[in-house]
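Notes for the structure review
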Amino acid sequence: KRRGRGQQLEYCREVVDSLLNALAVQPPYRLVTVQMVIDLLLELVLDHTPNPCVDDKDIPKIERAYQLAAKDVARRFTQKDGHDALLNNFQACFRDMAKPIDIEELLTNAVTLLPPATNAISGVPMQYRRPAGQLEQSKKSIQVYLLLRRLRYKLLKINDSEFPLTKAYVEESSIQKQQQIQISNQDAIPCVIMVGKRRERHFLVVHHTLLLIVQHHPTRAGYALVKLVVPLRIQEVYKMASEASPPNLTVMIRMGPKPHPSARMQALGVWVLSLHFDSMEDCVNANQHLKLSREKARVKLIKQLLISLSNDIEGGNDESDEHDDDDDDDDV
């Protein structure tokens, strides 16, 4: 039986209320449940509904859920020695956010019909089970926070361009391979990369938040052609052989696509690149330059993430206090 216009809006209103209440209390749902709830909200409210079913009364529920998620992330990374793990998990979860949930696959997946698994030994992906141990709990906490952040900014129609990782990705994509850049005022350490049996002479350059491998421009003085672009935060000196002949560094790069023809895969999504130097001094200088630059870039990004979480919690506290005041008035 076809519903009338008023009945459709009333039905939509009931569904939205149920979904928002589920997010606001944050029980120990599986991650796939949270993803499905948020996707349904976005579809009902933004994508196909001509008359949005969210009004001003719903915003505090979204804000409260978002504040709880931010608090949950912050309490897991209070110790300074856990800040590296904070950044690593945020980077991995932020990258995975681009993968949309497949509703058809979810509905036909037999795992969803079974009691929730509680450990990785079961072979069930973490998305479909409850997290086991502190590492998985921390990762799920960050994923829920990022999902709610995306929902909040979309519903409020705000461009989330100020999130630290968003800004980092934009800055890091400003330089591409084969681009011409001016390096006349930057340190450029000469190095050699072996491509098969061919020796290619390059220069190692740290440019803002990027590790660049460049070649001298054949016609423009002070300019270079970019051959490799790697964000400093995802590279790490894996091994240094300064007394070898020739001296060399092995750099580990954590990125999906192959960064350079000479790179070798060490593990899924992890590549290693060997850089050879004419002298031990150049090798040691390159090692120190990369380590210090990496640490500086990561410390800056970690600080920005912690400030962002703190702002989310403080903003949520203000709104929570107002909401509590409203509740007191209602009781009276």
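Residues numbered from 1 in each chain as written. Predicted model: local features only at pLDDT ≥ 70, side-chain atom pairs only at ≥ 80, totals over all residues. Heavy atoms only, no water.

1. Focus: the side chain of Gln-235
With respect to the helices and strands, the residue Gln-235 is situated in strand E6 (residues 235–241). Residues in contact with Gln-235, not counting those within four places in the same chain, are Leu-211, Val-230, Val-251, Met-252, Leu-290 and Arg-294. (Helix = DSSP H or I, 4+ residues; strand = E, 2+ residues; numbered from the N terminus. Contact = heavy atoms within 4.5 Å.)

2. Brief notes about helix H6 (residues 133–155)
The end-to-end C-alpha distance of H6, which contains 23 residues, comes to 33 Å, matching closely the 33 Å that a straight helix rising 1.5 Å per residue would cover. Positioned one or two residues after H6, Lys-157 has a phi angle of 55°, which is positive. (Expected span 1.5 Å × (residues − 1).)

3. Digging into the confidence of the model for the chain
Scored by pLDDT, the chain has a mean of 82; 87% of the residues are at 70 or more. Across residues 1–8 the pLDDT falls below 50, and counting only partners more than four positions away or on other chains, this stretch makes 3 contacts in the model. A low-confidence stretch, residues 319–332 (pLDDT under 50), is modelled with 6 contacts involving residues beyond four sequence positions or located in other chains. (pLDDT = per-residue confidence, 0-100.)

4. Describing the packing of helix H4 (residues 83–96) against H6
Axis separation between H4 and H6 bottoms out at 9 Å; the angle between their running directions is 55°. By the criterion of interaxial angle, the relationship of H4 to H6 is oblique. Crossing handedness for the pair H4 and H6: right-handed. Each of Leu-86, Asn-89, Phe-90, Cys-93 and Phe-94 in H4 lies in contact with H6, whose residues at this interface are Ser-138, Lys-139, Ile-142, Gln-143, Tyr-145 and Leu-146. (Axes fitted to C-alpha atoms, helices over the stretch in contact; angles between N-to-C directions. Parallel < 35°, antiparallel > 145°, perpendicular 65-115°, else oblique. Left-handed = near helix turned anticlockwise from the far one by under 90°.)

5. Overview of the layout of surface pockets
Considered as a void within the structure, the largest pocket measures approximately 850 Å³ in volume. Around the largest pocket sit 33 residues that line it, and Arg-95, Ile-234, Arg-254, Met-255 and Gly-256 are the ones nearest its centre. For the lining of the largest pocket, the residue count by class is 14 nonpolar, 8 polar and 11 charged. If you add up the space inside the second largest pocket, you get close to 440 Å³. Surrounding the second largest pocket, 19 residues form its lining, Gln-35, Asp-96, Lys-99, Gln-127 and Gln-143 being those nearest its centre. Of all the secondary-structure elements, those providing two or more residues to the lining of the second largest pocket are helix H2 (31–47), H4 and H6. Tallied by class, the residues present in the lining of the second largest pocket amount to 9 nonpolar, 3 polar and 7 charged. (1 Å grid on protein atoms, 1.4 Å probe; cavity = no way out; pocket = protein on both sides within 12 Å on 5 of 7 lines; lining within 4 Å. Points joined across faces, edges and corners; volume = space filled by probe spheres on them. Nonpolar A, V, L, I, M, F, W, Y, C, P; charged D, E, K, R; others polar.)

6. Considerations on unusual backbone geometry
A cis amide bond links Ser-245 to the next residue, Pro-246, at an omega of -5°. Here Pro-246 lies in the loop between E6 and strand E7 (248–254). Residues other than glycine seldom take positive phi values, yet Lys-157 does so here, at roughly 55°. Its place among the elements puts Lys-157 in the loop between H6 and helix H7 (164–172). Its identity is not glycine, yet His-208 carries a phi of approximately 55°, on the positive side. Relative to the helices and strands, His-208 is located in the loop between strand E3 (198–207) and strand E4 (210–216). For His-208, a relative accessible area of 63% gives the class exposed. (Buried < 20%, exposed > 50% of the residue type's maximum accessible area, 1.4 Å probe, protein only.)

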